[in-house]
Amino acid sequence: MASAVWGSAPWWGPPPPAPARPLTDIDFCSGAQLQELTQLIQELGVQESWSDGPKPGPDLLRAKDFVFSLLGLVHRRDPRFPPQAELLLLRGGIREGSLDLGPASLGPYARGPHYDAGFTLLVPVFSLDGIGQELQLDVESCYAWLCLPELMHGTSVREAWQDCLGPPVPGGRDSIHRTESEESPKDQQSSVDSPHIYVTEPEPLVSLEKSPSNCSEPESPRQDVTDLGFPASLKKMNGDVTKAAVDDSPVPQPSEALEAWPTLCPAKVAAWFFATLAEVAESLYPVPGAPRLVHAARHAGFTTVLLATPGPPRRLLLFDLIPVVSVAGWPEGARSHSWAGPLNSESSSFYLVPGGRIERRGASGWQLCFSRQELALKARIPAPLLQAHAAAQALLRPLVAGTRAAAPYLLRTLLYWACERLPALYLARPENAGACCLGLLDELGRVLEAGTLPHYFLSGRKLCAGDGANALLLALARLRGDPVRALCAAVEEAKAARKGGGLAGVGGGAH
């Protein structure tokens, strides 16, 4: 009797094999289960939520108030410092890619051994209400020069900033483009509420004089700038950082042409900013229950301060304070971002920051910075992709500590490019966080190999990976061989930071 068959196989035989599961749940490079990676990424987000949650803890609020009060005392010491400024506080330090400075020496700090959480504070020390002939862009780079006439709005700016003046624009006007002051992208936003910063942005004007006074200035100054228990590599950063180089070049007279106008030198502004801040900090005395300043040093164009909170738990918080120029308007060549949709924007603006190039002798160019627009974009990025990016940054952090690599901000830029390239529904699925994290790291490897990455905000401009790209590329390849182990280490580091683990090397003392 002929046997009954089901399809082409006899009914009494073994069942047909189950359909093969798609290989998207396994990482081809390392063999890691993407589900396990996603679970570790989610656990990392939970452990790091203490420093970036919508409701900040009291230690973070006290540290913020201390910094604002310190800046208020700086204004009393030097009237050039603005009495009121629109301060922008970003989660993550500059070493974690909070903004782009290019390849620069950022000091030997590492999260975990030296601090528990980092933040970046942009402090406008000079503002341009509109874009005119004072601001000139380089046609081939992301740099600009701020040329100072004799008078601006009836004020003698050259006299006020005499010690921060630099030479005229190199190459004259033939090598620059002016920026556009009338038209700006409709999808840009100057200020947004973001879950990734603990300073709410609906009240952007922060009065430093009205900040809670957690730091006091006595009539007879006392020393309180210390490096308690820090490695020698950190202590050495306090050497001659207060000495600002003074350019002896003559200042052009008001009758001279635009090409002869002196520039506002970012290196001298950064040196002035730190020297004034250090002078005030050295005169402080401890206030019970307030954070204590334990370290301050200048690196490239910004000042790094470490604050020890009284606790419990006692934590060490890093603040990168960077003097910036706030510019109303939008630079020529800026591109729009259709994937984010329309953004509610009060006005378009950007910043000029002292980039890594100020370390070169005679450099007087400022680097363009779009931190406000990045905050607006991040508010539209799906949460799983943000978690994947945070995990990739955590994996990258020990690889770039103490180097000049620009990789952290390159990784942030790849986050924006991913939103343009990939479907939003894919990026919004929580189970895809592991694949997105590995994808960002793979893309970063390709950028390091190429040496450059297209600038996300300026068409035709490129970001540079820096001289240490090859060494970092090798380290990244080793990490990609076992991402699970690296993520487990990052989770343990986050747990230690949640408990104040970064204070292990800081000695005791009265606060």
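Residues numbered from 1 in each chain as written. Predicted model: local features only at pLDDT ≥ 70, side-chain atom pairs only at ≥ 80, totals over all residues. Heavy atoms only, no water.

## A few points about the overall build of the protein chain
The secondary structure content of the protein chain amounts to 13 helices and 20 strands. Looking at the 511 residues of the protein chain, the share that counts as buried comes to 54%. Summing over all exposed atoms, the protein chain offers an accessible surface of approximately 22500 Å²; the carbon and sulfur share of this is 55%. (Helix = DSSP H or I, 4+ residues; strand = E, 2+ residues; numbered from the N terminus. Buried < 20%, exposed > 50% of the residue type's maximum accessible area, 1.4 Å probe, protein only. Areas by Shrake-Rupley, 256 points an atom, 1.4 Å probe, with all protein chains shown as cover.)

## Some words on the environment of Tyr-409
Along the chain, Tyr-409 falls in helix H9 (residues 407–421). In this structure Tyr-409 comes out as buried when scored by relative accessible area, which is 7%. Setting aside its immediate chain neighbours within four residues, Tyr-409 contacts Gly-97, Leu-99, Asp-100, Glu-374, Phe-457 and Leu-463. (Contact = heavy atoms within 4.5 Å.)

## Some thoughts on the environment of Glu-420
Its place among the elements puts Glu-420 in helix H9. Ignoring sequence-local partners within four residues, the contact set of Glu-420 consists of Arg-335, Ser-336, His-337, Trp-339 and Tyr-456.

## Some points on the confidence of the model for the protein chain
Considering every residue of the protein chain, the mean pLDDT works out to 75; 70% of them sit at 70 or more. Within the protein chain, strand E12 (residues 206–207) has the poorest average pLDDT of any element, 30, and helix H11 (residues 433–450) the best, 96. Between residues 1–11, whose pLDDT stays under 50, and residues either more than four places distant or in other chains, the model counts 6 contacts. When the criterion is pLDDT under 50, residues 173–255 qualifies, and its contacts beyond four places in sequence or with other chains add up to 208 contacts. (pLDDT = per-residue confidence, 0-100.)

## Examining the nonpolar core
Phe-126, Leu-264 and Phe-319 are the most contacted members of the largest nonpolar core, which totals 107 residues. Formed by 16 residues, the second largest nonpolar core is a distinct cluster that contains Leu-88, Ala-104, Tyr-351 and Leu-375. (Core = buried A, V, L, I, M, F, W, Y, C linked by side-chain atoms within 4.5 Å.)

## What to know about the packing of aromatic side chains
Under the criterion given, the structure shown has 12 aromatic pairs. Ring plane angle 85° and centroid distance 4.8 Å describe the contact between Trp-417 and Tyr-456, whose orientation is recorded as edge-to-face. Residue Trp-417 is found in helix H9, and its partner Tyr-456 is found in the loop between strand E19 (452–454) and strand E20 (462–464); the two are separated by 39 residues along the sequence. We note Arg-80 situated over the ring of Trp-161; from NZ or CZ to the ring centre the distance is 5.1 Å. (Phe/Tyr/Trp six-rings, centres within 6.5 Å; stacked < 30°, edge-to-face > 60°. Lys NZ or Arg CZ within 6 Å of the ring centre and 35° of its normal.)

## Describing empty space enclosed by the protein
With the rule as written, the count across this model stands at 5 cavities of 30 Å³ or more. The computed volume of the largest cavity comes to approximately 200 Å³. In terms of lining, the largest cavity is formed by 21 residues, of which the most central are Ile-94, Arg-95, Leu-106, Ala-405 and Pro-408. Elements supplying a minimum of two residues to the lining of the largest cavity: helix H8 (383–400) and H9. Per-class residue counts for the lining of the largest cavity are 13 nonpolar, 5 polar and 3 charged. (1 Å grid on protein atoms, 1.4 Å probe; cavity = no way out; pocket = protein on both sides within 12 Å on 5 of 7 lines; lining within 4 Å. Points joined across faces, edges and corners; volume = space filled by probe spheres on them. Nonpolar A, V, L, I, M, F, W, Y, C, P; charged D, E, K, R; others polar.)

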